Amino acid sequence: MTKILVFDVREDELPALEQWKTAHQDEVEVELIESQLDASHLEQLADVDGITISQTTQFDSGFYKVLAENGIFHIAQRSAGYDQFDLEAANLENVKISNVPSYSPQSIAEFAVTRTLELVRHTEQIDRNMAQNDFTWNLNLQGRTVESLKIGVLGTGRIGRRAAKIFKGFGSEVLAYDIAPNEALKDVVTYVDSLETLISQVDVLTLHIPGSKENQYLINEAILNQAKPGLLLINAARGSVVDTKALIRSLETGHVAGAAIDTYENEGAYFRHDWNGRELEDETLKTLLNHEKVLLSPHVAFYTDEAVKNLVDIPLDDVLSFIRTRQAENIVNP
């Protein structure tokens, strides 16, 4: 019988995994493994036909050769991002990587808008004051309406276009930059010709681009220096697109007024893990956590019932398809 290994299984994935297993019980054996894929697992692949791993797995490029030697030429990633993979190294061993390009774009778009509202209306400061029985009004609590803001959307794919539509619903003027403008959004956004133009004109910049080599530190010190003073930055995309230290410097000078960070460039060892009572080793992460101008969350923008089910079903469907036909719908390195 066909055998699939599911690594780095989370508790919240179990209902969807059990449903998929039940639906395919006559044709597939599915083994659930709590730990991430590592070298020790590579010694036990003789009877394995396919694997799927999570977005936080730190993938060693040396694994490709071992997988290929065991007849496994496909890895199904349970996320949209796949920047932990060296695709050139994968291609050398003819190993294909698939992702989940669209598991719940609405969830991420809504979260980005939610964080914008929190920054604009200073809800975190209000909550801190209330916890201390401080019921006064002051300028630190005085907010703005989203309608009055000019919103910038970087990337108008599945997620970005939904965020743009939500902001448009608030009555905001929405500008956007994308290397491939979407004609269907002409009544929603006004496209500009560069990131530099976009960031210089908007009050809020929300990021919805992939974590690729081309986008590594796309939001860097030079770009941030061109921002409209008082910019609010929202990153629910990938941590690698923002130079975090440059962002912190811009926050310290006040040029960037606030940031909501859901994805951090060095999040792998921390996000999804309980560090309560332990000393954080990452000084930059500690700065973000303690910064009064930053809303930090542990890569949860996508985290809804709908998204979790899709993140289970789509990769498993791709694994089974590849085992049967050597084809899968969501291959990223064809």
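Just so it is clear, the model here is predicted, and its values are computed rather than measured. (Residues numbered from 1 in each chain as written. Predicted model: local features only at pLDDT ≥ 70, side-chain atom pairs only at ≥ 80, totals over all residues. Heavy atoms only, no water.)

## A look at the pattern of salt bridges
- One pass over the full model with this rule turns up 18 salt bridges.
- Among the ionic pairs, Glu124 bridges to Arg128, the shortest N-O distance being 3.5 Å. Here Glu124 and its partner Arg128 are both found in helix α5 (residues 123–131), four residues apart, which amounts to about one turn of the helix.
- Taking the shortest distance from any N to any O, the salt bridge between Arg249 and Glu221 comes out at 3.0 Å. In this pair, Arg249 sits in helix α9 (residues 244–253) while Glu221 sits in helix α8 (residues 221–225), placing the two residues 28 residues apart along the sequence.
- Judged by relative accessible area, Arg249 falls into the partly exposed class, the value being 39%.
- Looking at Glu221, the relative accessible area reads 37%, which means it is partly exposed.
- The network of salt bridges with common partners includes Arg10, Asp12, Glu13 and Arg78. (Salt bridge = Lys/Arg side-chain N within 4 Å of Asp/Glu carboxyl O. Helix = DSSP H or I, 4+ residues; strand = E, 2+ residues; numbered from the N terminus. Buried < 20%, exposed > 50% of the residue type's maximum accessible area, 1.4 Å probe, protein only.)

## Section: the sheet that holds strand β9 (residues 204–207)
- Strand order across the open sheet formed by seven strands is β8-β7-β6-β9-β10-β11-β12, with parallel pairing between neighbours. Only two strands of the sheet have a single partner each, and these edge strands are β8 (190–191) and β12 (294–296).
- Across five bridges, strand β10 (residues 231–235) lies against strand β11 (residues 256–261) in parallel orientation. Looking across to β11, one finds that Ile234 is bridged to Ala260.
- Contacting β9, β10, β11 and β12, helix α4 (residues 105–121) crosses the sheet at an angle of about 150° to β10.
- α9 rests against β10, β11 and β12 of the sheet, and its axis sits at about 140° to β11. (Pairing = 2+ DSSP bridges. Contact = heavy atoms within 4.5 Å. Axes fitted to C-alpha atoms, helices over the stretch in contact; angles between N-to-C directions.)

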